[in-house]
Amino acid sequence: MPKRTDIHKILVIGSGPIVIGQAAEFDYSGTQACLALREEGYEVVLINSNPATIMTDTDIADKVYMEPLNLEYVARIIRHERPDAILPSLGGQTGLNLAVQLAKKGVLKECDVEILGTNFDAIEKAEDRELFKELCESLGEPVLPSEIAETIEDGLEAARKIGFPVVLRPAFTLGGTGGGFADDEEEFMLMMKNALAVSPVHQVLVEKSIKGYKEIEYEVMRDANDTAITICNMENIDPVGVHTGDSVVVAPPQTLTNKEYHMLRDSALKIIRELKIEGGCNVQFALDPHSFRYYLIEVNPRVSRSSALASKASGYPIARVSAKISVGMRLDEIPIANTPASFEPTLDYVVTKIARFPFDKFADANNTLNTQMKATGEVMAIGRTMEESLLKAVRSLETGICHLYSKKFDSYTEDELLKYIHNGTDDRLLAIAQLIRLKCDLNRIYNATKIDMFFLEKIKNIVEFETPLANNPGNISVLKDAKKMGVSDKYIGMLWHMTEAEIFNLRKENNIFPVYKMIDTCASEFDSYVPYFYSTYEEENEYVVSDRKKIVVLGSGPIRIGQGVEFDYSTVHAIWSIRDSGYEAIIINNNPETVSTDYTTSDKLYFEPLTVEDVMNVICLENPQGIVVSLGGQTAINLAEPLNALGVPIIGTDVEAIDRAENRDSFKKVMEQLQIPQPKGLAVTTIEEGVKVATQIGYPVLVRPSFVLGGRAM
């Protein structure tokens, strides 16, 4: 059925400020929705309150209201604009909750506004824990023993009946807020009080704990014709017990049997059909690692952070397709590259997502992970093997770590490490790698973590390769093997007592460079050119280098405190300007949540770590006229000097200007030259110097590191 002609104006609700659990993924999905609807000729009115997002740019919607996302303001805008329809499922939990309020207060009925995509009945069945449980039972789908509680007393009674340990899941909250595991009554009482307080409907599901089961997710899509497909399915390396937004996630799943894959796929499709969801939907399962028993954990009747990841992992634009389905189009009528949207994507590579946490800012914070999300953002990496993909993801995080190794664990004993890995943490994989270096039996690691033996074996492969690598400095054959595994130039340099630049030059002399493979949604089954690439050390190249003049823009990497979606905004604007000026615009970035990593934004997208090594590989291939580093936040700024030293033409703000602004000493000299007064101060490089200078200046003093983000360690 072609698109609807009885509606003309559509209101899209954004997701407001970035919070843990609701970050740039909704800027991405909302932007895609606005552009997709305008492409089909609809007038789009957007309401959002976040100035840092590209979504609130005037190029995205016909009208943008920068107003608070609450019932009063949205109702006012609806009464003023009189839209024919509202699309709430692309603005995260904020948009969904607002739409439900607007319907319950009668605003939508009063103004004759229709909800597009998934209807309220489906939203309620997916979001209300009791209704969801009833739905699953009616379909014969297994759900965990659970009870709804609206008071602490009812909750405690339910927990005693179900038996500890239990998990608490507040209704209508985001990122697992207010929930968690309770092992006994004391823990339960503390948690339940908070859980009831944070739920907007003061309702909490008390559920039997299945900590240790595998967690599997399916991103599914359905249109009004009841065509339903699986876009991407993902496996959490961390078992149930860690929120999926905090887990290390791989796609496609590496440890499912064919029977398990189809069993869960059939269940996900049955659920989306029964809920009559129109558009994208995320279904989460818990799978017993020792049998074919599984449970449905939850359904998100909207796009989520997992949807953004699935979109980038598969090259299938979930939000764009969802928006077009919402106006009546069918999957087979929506084109993606040269295949219809009804075609299920195929992945012939391994994608790894690792979350980025704020613990570098909050060193004293508890870094234990549970069902409440703690991550601020995430990175995604693509490789041909699990090892390559995992190592690329680790070095994308920008935590100062370039390999599965952390100095932190050097002094830990085997027993201390086994105790440490018992709970999920932001650095559990690094602790596991250290245990393997200490020759700890993998069965002991499995018993402590319940991480599938397949993943432990892959970490073991990486750790065991460190010995021949360290023992053969300068050996070209070993260097090739290391690159194939995904080991970084920086780590090879550490083992060979060489710098990262020296390893790069050694590779250059011996012509050891990666080839670039394309993500085209169909595993090259059809001839389909999509300008979306990742590197790997194999033989066959799939990229096409044009003879046009090129400019490379470096993105800003993962979202963290001090570096949010504002740099994605500037990256996208830079790309638009470069394209308008007639150059080929190329982006290098690794954040799956952002608009900049949508392959339709630029002429070419390289999904790669933002390190000297990975950027230089692209530059050697593309040979651009220049590279822009001043728009990707501190990430790109910190690459300016090493790239400049390797002869890369940096355009716009250059290395000298960056140094004058960022280096405390250089900045002080400029201020003196301009006779602009500033507080007394001196740049120092040792603690002793610092103490001496502080005494000279006189306390109190302010300590300001150079080249840091958002005043970190200040």
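The coordinates are above.
Residues numbered from 1 in each chain as written. Predicted model: local features only at pLDDT ≥ 70, side-chain atom pairs only at ≥ 80, totals over all residues. Heavy atoms only, no water.

Draft legend 1. Region of the structure containing the overall build of the chain. A tally of helices and strands in the chain yields 25 helices and 25 strands. Here the chain has a C-alpha radius of gyration of 26 Å; the compact-globule value for 714 residues is 27 Å, and the two agree. Across the 714 residues in the chain, those meeting the buried criterion constitute 58%. Across the chain, the fraction of contacts at a sequence separation of at least 24, relative to all contacts at a separation of at least 6, is 68%. (Helix = DSSP H or I, 4+ residues; strand = E, 2+ residues; numbered from the N terminus. Rg over C-alpha atoms; globule rule 2.2 N^0.38 Å. Buried < 20%, exposed > 50% of the residue type's maximum accessible area, 1.4 Å probe, protein only. Contact = heavy atoms within 4.5 Å.)

Draft legend 2. Local environment of the pairing of strand 7 (residues 166-170). Summarising burial for strand 7: five of the five residues are buried, a large majority. Every second residue of strand 7 is oriented toward a common face, with Val166, Leu168 and Pro170 on one face and Val167 and Arg169 on the other, all of them buried. Across three bridges, the pairing between strand 7 and strand 8 (residues 180-182) is antiparallel. Note that in strand 8 the partner of Val167 across the bridge is Phe181. Relative to strand 9 (residues 204-208), strand 7 runs antiparallel, the two being bridged by five bridges. Within the sheet, the bridge partner assigned to Arg169 lies in strand 9 and is Leu205. (Pairing = 2+ DSSP bridges.)

Draft legend 3. Structural view of the side chain of Ser247. As for its placement among the helices and strands, Ser247 is situated in the loop between strand 11 (228-236) and strand 12 (249-251). Judged by its relative accessible area of 0%, Ser247 is buried. If we ignore the near neighbours within four places in the chain, the residues touching Ser247 are Asn236, Asp238, Val242 and Lys353.

Draft legend 4. Fine view of a nonpolar patch on the surface. Taken together, the side chains of Ile687, Val691, Tyr699, Val701 and Val703 present a nonpolar region at the surface, about 530 Å² in accessible area. For Tyr699, the location among the structural elements is in the segment after helix 25 (687-697). Tyr699 gets classed as exposed once you look at its relative accessible area, which sits at 58%. (Patch = residues over 30% accessible without salt bridge, like charges linked within 9 Å, V, L, I, M, F, W, Y side chains within 5 Å. Areas by Shrake-Rupley, 256 points an atom, 1.4 Å probe, with all protein chains shown as cover. Salt bridge = Lys/Arg side-chain N within 4 Å of Asp/Glu carboxyl O.)

Draft legend 5. Structural view of the sheet that holds strand 10 (residues 214-222). Sheet architecture is open: seven strands sit in the order 14-13-10-11-12-17-18, paired in antiparallel fashion. The sheet is open, and its two edges are formed by strand 14 (294-300) and strand 18 (377-383), each paired on a single side. The average undirected angle you get between the axes of adjacent strands in this sheet is 25°. One ladder, built from seven bridges, connects strand 17 (residues 350-356) with strand 18; its direction is antiparallel. Pairing of Val350 across the sheet is with Gly383, part of strand 18. (Axes fitted to C-alpha atoms, helices over the stretch in contact; angles between N-to-C directions.)

Draft legend 6. Looking closely at the packing of helix 1 (residues 25-39) against helix 11 (residues 318-326). One can describe the packing of helix 1 onto helix 11 by two numbers: an axis separation of 8 Å at closest approach and a directional angle of 45°. One finds that helix 1 runs oblique with respect to helix 11. Relative to helix 11, helix 1 is oriented so that their crossing is right-handed. For the pair helix 1 and helix 11, contact is made by Ser29, Gln32, Ala33, Ala36, Leu37 and Glu39 and by Ile318, Ala319, Arg320, Ala323, Lys324 and Ser326, respectively. Of the residues contributing to the contact of helix 1 with helix 11, the split by class is six nonpolar, three polar and three charged. (Parallel < 35°, antiparallel > 145°, perpendicular 65-115°, else oblique. Left-handed = near helix turned anticlockwise from the far one by under 90°. Nonpolar A, V, L, I, M, F, W, Y, C, P; charged D, E, K, R; others polar.)

Draft legend 7. Quick look at helix 1. Across its 15 residues, helix 1 extends 21 Å between first and last C-alpha, which sits within 8% of the 21 Å expected from 1.5 Å per residue. The buried fraction of helix 1 amounts to twelve of the 15 residues, a majority that puts the element mostly inside the structure. On its buried side, helix 1 packs onto strand 1 (9-13), strand 2 (43-48), strand 4 (85-87), helix 3 (92-104), helix 10 (305-314) and helix 11. At the C-terminal side of helix 1, Gly41 shows a positive phi close to 95°. (Expected span 1.5 Å × (residues − 1).)

Draft legend 8. How the structure looks around the sheet that holds strand 22 (residues 584-589). The seven strands lie next to each other as 19-20-23-22-21-24-25, forming an open sheet whose pairing is mixed. The open sheet has two free edges, formed respectively by strand 19 (515-518) and strand 25 (650-651), since each of these has just one partner strand. Of the strand pairs in this sheet, strand 21 (residues 550-554) and strand 24 (residues 626-628) are connected by three bridges, and their pairing is parallel. Within strand 24, the position partnered with Ile551 by the bridge is Gly626.

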